[in-house]
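Next come the chains, spelled out residue by residue.
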Amino acid sequence: MNEIIDLDTMTGFWPQRQVDISTGRLLQMMDQHGVRRACVVSARGALFDHFEGNDETLAWCREQPRFIPVGTIDLRRFQGYREEIQRLTEAGVRLWRLFPEYQGWTPDQAVLRRVLDALEAVGAVLFLGGQPSAVARAVEGTTVTTILGLHFYQASDFLALLETGTNLYVSTRLLHGPGAVKVLVEAMGHQRLIFGSGAPLSSMGSGLRCLEVAALSDEQRAAIMGGNLQRLLADGGRT
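As the structure is a computational prediction, the values presented were derived from the model and not from experiment.

### Looking at the nonpolar core
Nonpolar side chains in soluble globular proteins tend to be buried together.
Then step 1. In this structure, I85, W96, L98 and F158 are the most contacted members of the largest nonpolar core, which totals 59 residues.
Then step 2. When residues in this core are grouped by element, the largest group, six residues, is from helix α6 (residues 110–121).
Then step 3. Those residues within four positions of L98 in sequence are excluded, and the remaining contacts are T72, I73, L75, W105, L112, V115, L126, F127 and L128.
Then step 4. The next biggest cluster of nonpolar side chains, apart from the first, holds 22 residues, and it includes L7, V70, L95 and L229.

### As for the environment of L229
Then step 1. Tracing the sequence through the fold places L229 in helix α11 (residues 218–234).
Then step 2. Sequence spacing of L229 and I194 is 35 residues, and the spatial spacing of their C-alpha atoms is 6.3 Å.
Then step 3. Setting aside anything within four residues of it in sequence, one finds L229 in contact with I5, L7, C39, I147 and I194.

### As for unusual backbone geometry
Then step 1. Between A199 and P200 the backbone carries a cis peptide bond, its omega angle lying at -5°.
Then step 2. Looking at the secondary structure, you find P200 in the loop between β8 (193–194) and α10 (204–213).

### Things to note about helix α9 (residues 180–188)
Then step 1. For α9, every residue scored as buried is listed here: A180, V181, L184, V185 and M188. Along the axis of α9, the buried positions cluster into a sector of 135°, meaning they face one direction only.

### Topic: the environment of L232
Then step 1. With respect to the secondary-structure elements, L232 resides in helix α11.
Then step 2. Sequence spacing of L232 and L95 is 137 residues, and the spatial spacing of their C-alpha atoms is 9.4 Å.

### A look at the sheet that holds β8
Then step 1. The parallel open sheet is built from eight strands, whose spatial order is β1-β2-β3-β4-β5-β6-β7-β8. Where the open sheet ends on each side, the last strands, each with one partner, are β1 (5–11) and β8.
Then step 2. Direction of pairing for strand β6 (residues 145–149) relative to strand β7 (residues 169–171): parallel, over a ladder of two bridges. Counterpart to L148 in the pairing with β7 is V170.
Then step 3. Here helix α7 (residues 132–139) sits on the sheet in contact with β5 (125–129) and β6, set at roughly 165° to β6.

### Quick word on α7
Then step 1. Of all the eight residues making up α7, seven are buried; the element is thus mostly covered by neighbouring parts of the structure.
Then step 2. If you check which residues of α7 are buried, you get P132, S133, A134, V135, A136, A138 and V139.
Then step 3. Buried positions along α7 lie against α6, β5, β6 and α8 (155–164).
Then step 4. Backbone geometry just after α7 places G141 at a positive phi near 90°.

### Considerations on the side chain of S42
Then step 1. Along the polypeptide, S42 turns up in strand β2 (residues 37–42).
Then step 2. A residue is classified by how much of its surface remains accessible, and S42, at 1% relative accessible area, is buried.
Then step 3. Polar side-chain contacts of S42 include one of 3.0 Å to the backbone nitrogen of R44.
Then step 4. With sequence-adjacent residues up to four places away left out, S42 is seen in contact with M10, T11, G53, E56, T57 and W60.

Rules of the game
Residues numbered from 1 in each chain as written. Predicted model: local features only at pLDDT ≥ 70, side-chain atom pairs only at ≥ 80, totals over all residues. Heavy atoms only, no water. Core = buried A, V, L, I, M, F, W, Y, C linked by side-chain atoms within 4.5 Å. Buried < 20%, exposed > 50% of the residue type's maximum accessible area, 1.4 Å probe, protein only. Helix = DSSP H or I, 4+ residues; strand = E, 2+ residues; numbered from the N terminus. Contact = heavy atoms within 4.5 Å. Arc of directions from axis to C-beta. Pairing = 2+ DSSP bridges. Axes fitted to C-alpha atoms, helices over the stretch in contact; angles between N-to-C directions. Polar contact = N/O pair within 3.5 Å; in protein donor to acceptor, adjacent residues only side chain to side chain.

Here it is as structure tokens:
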């Protein structure tokens, strides 16, 4: 059986509502749904302090080999970002995640370009959400492999980008609209779609179910559920 890897998980403490997003809860969900590995980022890093959050992530991943560490930089706290990116790179981190949805910045701000330059220098893979055309403009001219958190309501903007050429990868987490996965596979192929669930904040099972019922071949489904991300991380972000 092919290995399932979840791109999109966050653990720690969630202050906005009462919900268990502990590492223990994530492992329970992984076991329940046959997910072998998960890319983990600290909620503390996304919401409060990326230095402390990154330390939490590294500690969790040292304790649990099924976790893949995800680094983050809070663009509201810009100082020291190059040193932090270098520190985590030396610790083995290849995947990075940014959170404009929680931090209130937009992809057109100069601070993002500076962080992109630093990520490019270490051959990182980047995962972030946002309007597809805005994200595409932000990463244009860089070699940073970028995974877009695409909502199916934004699909028309992304399909328009495909007509002019884009190398963005796409997370499946928010592609819950009828036939959304199949439409993207027909438009861009399956090699740039990557499974993500949003667990434990969201249901891991529903994210997997969207792929299970999509009109895909076994080869396409296996690549989306894990093979594509394995290839990206093995390449060190250089695609």
